[in-house]
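Topology and contacts: notes
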Amino acid sequence: MNNIEMSLNYFSLPFLKKQISLLKKENEMSSLRFQQLIIPFKEKLYNFIFKALNFSQDADDVYQEAVLRAFKYRNSFKKECSFKTWLFTIASNEIRSYFNKNKMLIGKRNSLDCENIACNADNKTRVQDVYDVAESLDPKKRQVFFLFYYNRFSINEIKEITGIKEGNIKFILNKCREEIKSKLEDK
Amino acid sequence: MKIKIDDDLIFDLVSSVKHKIPGYVKEKLEQEIKKREIKERKKKKRYLLWYPVSAFALALIITLSVLFPFRKKGVEISSFTEIRTELELKDQNIKILWFQKKDFKLNRRK
């Protein structure tokens, strides 16, 4: 193929379309792929937001906002990092902005729904105690608590998600652990 | 009875509370995602239309920039310094000469 033919081919429409589709495959995440990736984390994400918001009904809106934001910026997700961490970082930011907007609306949580506690009667009081400790925390610390004890993220991952220093995360978790211990051991 | 309280126990206690995503939230989310997907597709199509146009424009610019240095230079035209107009009235023996020069001012003489 001589140079003229090559240059003509370069500016032809099928060639351009092929190049664009190749670029798309490299950098873009399709809507279907996003929906496939999010399936295993949907419930956990919803529960994390619900708990971090002290079982407020606003969790529905925050959850929707977080998922839609993730969908909007799905192409900015880098393959090197974990999708779960990336998703929870977005959720954490949404929770933070919710608390910034609704500083006056942070109320007490409703008593835990017995239907949603999957354990025996002995454990129910213990669960209540644990959630009482979580409720007493400020929103930022509560996020750390649930990221560690509910979503089982490592301290490094929590650091990545919340932007809190490693030492502070350890301090928060230790404090929670001690409080829970003293509460449960008293009984 | 005293129980051993460790991270695993706390984990079990915390994760024993589970809530399902409400149906209306799921539905609303799916609809919203579909809506955004359609919007994105429309936007992409619009962008795709511009690719051949921009490719053609680029090709034109490249061709012109390649050809321009080899263009034959023409004879340079000197700039005008004076415009002279002559009028001659046929039977009256009158000749009018009108010189128009650069920076010529009409109100020179008062």
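Up top is the structure these notes are about.
From a predicted model like this one, the values you see are computed outputs, not experimental measurements. (Residues numbered from 1 in each chain as written. Chains lettered and ligands numbered in written order. Predicted model: local features only at pLDDT ≥ 70, side-chain atom pairs only at ≥ 80, totals over all residues. Heavy atoms only, no water.)

1. Some words on the overall build of chain B
Each helix and strand in chain B was counted, giving two helices and two strands. Each helix and strand of chain B, placed in order from N terminus to C terminus, yields the pattern α-α-β-β. Across the 110 residues of chain B, 15% fall into the buried class. Of the accessible surface of chain B, which amounts to about 10900 Å², a share of 59% is contributed by carbon and sulfur atoms. (Helix = DSSP H or I, 4+ residues; strand = E, 2+ residues; numbered from the N terminus. Buried < 20%, exposed > 50% of the residue type's maximum accessible area, 1.4 Å probe, protein only. Areas by Shrake-Rupley, 256 points an atom, 1.4 Å probe, with all protein chains shown as cover.)

2. Here we look at a nonpolar patch on the surface
Nonpolar side chains collect at one region of the surface, where Leu58(B), Ile62(B), Val66(B), Leu67(B) and Phe70(B) lie side by side and expose about 530 Å² of accessible area between them. With respect to the helices, strands and loops of the structure, Leu67(B) is situated in helix α2 (residues 23–67). (Patch = residues over 30% accessible without salt bridge, like charges linked within 9 Å, V, L, I, M, F, W, Y side chains within 5 Å. Salt bridge = Lys/Arg side-chain N within 4 Å of Asp/Glu carboxyl O.)

3. Considering the packing of helix α8 (residues 139–149) of chain A against helix α10 (residues 166–186) of chain A
The axes of two packed helices give the description: the angle between them and the distance between them. Residue and element names in this part refer to chain A. Where α8 contacts α10, the axes come no closer than 10 Å and their chain directions differ by 80°. In terms of their interaxial angle, α8 and α10 are classed as roughly perpendicular. Only Ile 169, Ile 172, Leu 173, Cys 176, Arg 177 and Ile 180 of α10 make contact with α8, whose side of the interface consists of Lys 141, Val 144, Phe 145, Phe 148 and Tyr 149. Split into classes, the residues belonging to the contact of α8 with α10 amount to nine nonpolar, no polar and two charged. (Axes fitted to C-alpha atoms, helices over the stretch in contact; angles between N-to-C directions. Parallel < 35°, antiparallel > 145°, perpendicular 65-115°, else oblique. Contact = heavy atoms within 4.5 Å. Nonpolar A, V, L, I, M, F, W, Y, C, P; charged D, E, K, R; others polar.)

4. Some details on the interface of chain B and chain A
Across the boundary between the two partners, chain B contributes 33 residues, which contact 44 residues of chain A. Both sides of the chain B and chain A interface together cover about 3800 Å² of buried area, and 69% of this is carbon and sulfur. Applying the counting rule to chain B against chain A returns three salt bridges. Taking the shortest distance from any N to any O, the salt bridge between Asp8(B) and Arg152(A) comes out at 2.8 Å. Taken together, the connections running from chain B to chain A amount to 10 residue pairs in polar contact (both at pLDDT 80 or more). A total of 16 residues in the side of chain B that touches chain A trace back to one element, the largest contributor, which is α2(B). (Buried area = accessible area lost by both parts, 1.4 Å probe. Polar contact = N/O pair within 3.5 Å; in protein donor to acceptor, adjacent residues only side chain to side chain.)

5. So, the pattern of salt bridges
Under the defined criterion, the tally for this structure stands at 11 salt bridges over all chains. Note that Glu166(A) is salt-bridged to Lys170(A), the shortest N-O span being 3.5 Å. In this pair, Glu166(A) and Lys170(A) both sit in helix α10, four residues apart, roughly one turn of the helix. Look at Glu166(A) and you get partly exposed, because its relative accessible area is 32%. Across the pair Glu86(B) and Lys95(B) runs a salt bridge, and its minimum N-O distance is 3.7 Å. Note on Lys95(B): relative accessible area 52%, which makes it exposed.

6. Details of the nonpolar core
The biggest cluster of nonpolar side chains holds 64 residues, and the ones touching the most others in it are Phe34(A), Phe48(A), Ile49(A), Tyr63(A), Phe83(A), Phe145(A) and Val14(B). Ignoring any residue separated from it by four or fewer positions in sequence, one finds Phe34(A) in contact with Met29(A), Val67(A), Ala70(A), Phe71(A), Arg74(A), Phe83(A) and Trp86(A). (Core = buried A, V, L, I, M, F, W, Y, C linked by side-chain atoms within 4.5 Å.)

7. Focus: helix α4 (residues 42–52) of chain A
Across the 11 residues of α4(A), eight count as buried, placing the element largely inside the fold. Within α4(A), the full set of buried residues consists of Leu45(A), Tyr46(A), Asn47(A), Phe48(A), Ile49(A), Phe50(A), Lys51(A) and Ala52(A).

8. Description of the pairing of strand β2 (residues 94–101) of chain B
All names here are of chain B. Bridge count for strand β1 (residues 82–89) against β2 is eight bridges, and the pairing is antiparallel. Paired with Thr 85 across the strands is Trp 98, a residue of β2. Counted between consecutive antiparallel strands, the loop separating β1 from β2 contains four residues, among which Asn 93 sits at a positive phi close to 55°. (Pairing = 2+ DSSP bridges.)

9. What about unusual backbone geometry?
Phi is positive for Arg152(A), which is not a glycine, with a value near 55°. By the element assignment, Arg152(A) lies in the loop between α8 and α9 (155–162). Note on Arg152(A): relative accessible area 45%, which makes it partly exposed. Its identity is not glycine, yet Asn93(B) carries a phi of approximately 55°, on the positive side. Relative to the elements of secondary structure, Asn93(B) occurs in the loop between β1 and β2.

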